[in-house]
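Chain and residue survey
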Amino acid sequence: MASLKKRGRAYYAQYYDNGKQKRVNLHTESLQVAKEKLRQIESAQFREEEIPLTTKTPIGDILEKYIKYKSGHSRDKNIPKINTYLRGAFGPVCEALQVRNQAIAQKAVKRPSAGSASIISISHIEHLSAEVLSTFLSELIKDKRVSPRTANHYRQTIVTLCNWAQREGGVRFPGGKNPVADVKCYKVPKSMITFLKLKDIRTQLDVLANDTQLQTMVAVFIYAGLRREEALWLTPDDFEWSMGNHGVIMVRGKTIDGKTWMPKTGEDRPVPISKTLREYLDSYREIRKPGTWFFCAPRGKQWDPDNFSELLRESNSKHGLSWSCLDYRHTFGSQLAMKGESLYKVSSLMGNSPEICRKHYAALMPESLMESVEFPTDEMPSPTSAVSQSSAEPPRRGFLKLVVNNS
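So, on to helix H1 (residues 31-46). Helix length check: H1, at 16 residues, gives a terminal C-alpha distance of 22 Å against a target of 22 Å (1.5 Å per residue), a fit within 8%. All buried positions along H1 are accounted for by Ala34, Leu38, Ile41 and Ala44. Across the axial projection of H1, the buried residues extend over an arc of 120 degrees, all falling on one side. Facing away from the buried side of H1 by over 90 degrees, the exposed positions are Gln32 and Phe46. As for H1, its buried residues are in contact with strand E1 (3-7) and strand E2 (10-17). At the exit of H1 stands glutamate 48, carrying a positive phi of roughly 55 degrees.

Have a look at this one:
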């Protein structure tokens, strides 16, 4: 049996668990609420279930456990991003969120010139609520002037944290549900994608003619739709030159020199090589030096993604161009969509879901569907017959007869 105890204005529940007496704070000053919680405890003991009382977990402890969990279940490059959002929301409240390199941490700060915004100041994760999170996001947008998209990233990070804490972190929130799940996402304005038209592709590749490797890499982005890291992780073994009409690029996970890499979606995919791309690849193979990487940095090592983007940006800026790897990838999907290929094929080639491709490229497809609105002409009436019918005398109608009944 369980009983109620009152200390000051707070009620406590006293009960036995495996022969040991326990006394827990019910966190209420209402007798009726205390009686209801006591009833839940007795019911759980009768059913031999876990006591349904809200836990009290320090925010620093749960964040430390969560970051260790994510370190084993997320890609290495995603961990700093998660830490940045958690640090921006709760501050450096645990060892894992302490800033070790101020220069690198400052680069990750969202809109540093806008000043600092308030953080979620709670001592225990159970104190988190929809009101607390909503207020924090509103202040981010108002004071920090972050974009709605960034605010949604903060929201999703905290919602995911609470889901894990409730599922695997041993946390029991009041009411037994995620307290921030009902916070709505901000509406994000639709952004228009940029891509190269056919004449732009010619211009882009021509200005890189003096750098065969850089020109070939840009050709791979444009004609195969690879992501930046997918191209930088290519090895000679990833090219099947005898497959298909002109060869195939195998985008697949690999482990090299102790470093493991996987495609963004975690799934391998083959990308056929077009005739045009094969010409660029063959020219590059004639001057390529042997090595681990198909496209290697000047010292023979793997390209750092940021260093490669900086090199490309400098080369383009000399000719007044501002296109990036993302624009090249969008070019691949856009040209396929305008060609009339199905979104399913586009998504398979690009390693995206059909929904993502529909969002980006469906608007480009009506141009390829113009002939779809044409009907077979064999049995359709001609414009001449339609005009003749309209000009013909309309059929005569019978007269109505008025009948008056005086009875």
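And the narrative resumes.
Within this model, the largest pocket holds a volume of roughly 1500 Å³. Lys264, Leu326, Arg329, His330 and His360 are the residues nearest the centre of the largest pocket, which is lined by 43 residues in total. Put simply, the parts of the chain that give the lining of the largest pocket at least two residues each are helix H9 (228-232), helix H11 (305-317), helix H12 (325-339) and helix H14 (354-361). Looking at the lining of the largest pocket residue by residue, the classes come out as 18 nonpolar, ten polar and 15 charged.

Here we come to the pattern of salt bridges. With the rule as written, the count across this model stands at 15 salt bridges. Close ionic contact of aspartate 200 with lysine 199 constitutes a salt bridge, the shortest N to O distance being 3.5 Å. By relative accessible area, aspartate 200 is classed as buried at 16%. By relative accessible area, which is 60% here, lysine 199 ends up exposed. Put simply, aspartate 238 and arginine 252 hold a salt bridge, and the shortest N to O gap is 3.0 Å.

Spatial ordering of the open sheet is given by E4-E5-E8, a layout of three strands whose pairing is antiparallel. The open sheet is flanked by strand E4 (239-240) and strand E8 (269-272), the only strands paired with a single partner.

Okay, the packing of aromatic side chains next. Inspection of the entire model under this criterion finds 16 aromatic pairs. On the numbers, 6.5 Å between centres and 25 degrees between planes, the contact of tyrosine 66 with tyrosine 69 is stacked. Here the residue tyrosine 66 and the residue tyrosine 69 both occupy positions in helix H2 (residues 59-73), the gap between them amounting to three residues, near one helical turn. Of note, arginine 7 hangs over the ring of tyrosine 12, and the distance from its end group to the ring centre comes to 5.8 Å. Residue placement shows arginine 285 over the ring face of tryptophan 241; its charged tip is 3.9 Å from the ring centre.

Parameters at a glance
- Residues numbered from 1 in each chain as written.
- Predicted model: local features only at pLDDT ≥ 70, side-chain atom pairs only at ≥ 80, totals over all residues.
- Heavy atoms only, no water.
- Helix = DSSP H or I, 4+ residues; strand = E, 2+ residues; numbered from the N terminus.
- Expected span 1.5 Å × (residues − 1).
- Buried < 20%, exposed > 50% of the residue type's maximum accessible area, 1.4 Å probe, protein only.
- Arc of directions from axis to C-beta.
- Contact = heavy atoms within 4.5 Å.
- 1 Å grid on protein atoms, 1.4 Å probe; cavity = no way out; pocket = protein on both sides within 12 Å on 5 of 7 lines; lining within 4 Å.
- Points joined across faces, edges and corners; volume = space filled by probe spheres on them.
- Nonpolar A, V, L, I, M, F, W, Y, C, P; charged D, E, K, R; others polar.
- Salt bridge = Lys/Arg side-chain N within 4 Å of Asp/Glu carboxyl O.
- Pairing = 2+ DSSP bridges.
- Phe/Tyr/Trp six-rings, centres within 6.5 Å; stacked < 30°, edge-to-face > 60°.
- Lys NZ or Arg CZ within 6 Å of the ring centre and 35° of its normal.

Read these as spatial facts, not as claims about activity.
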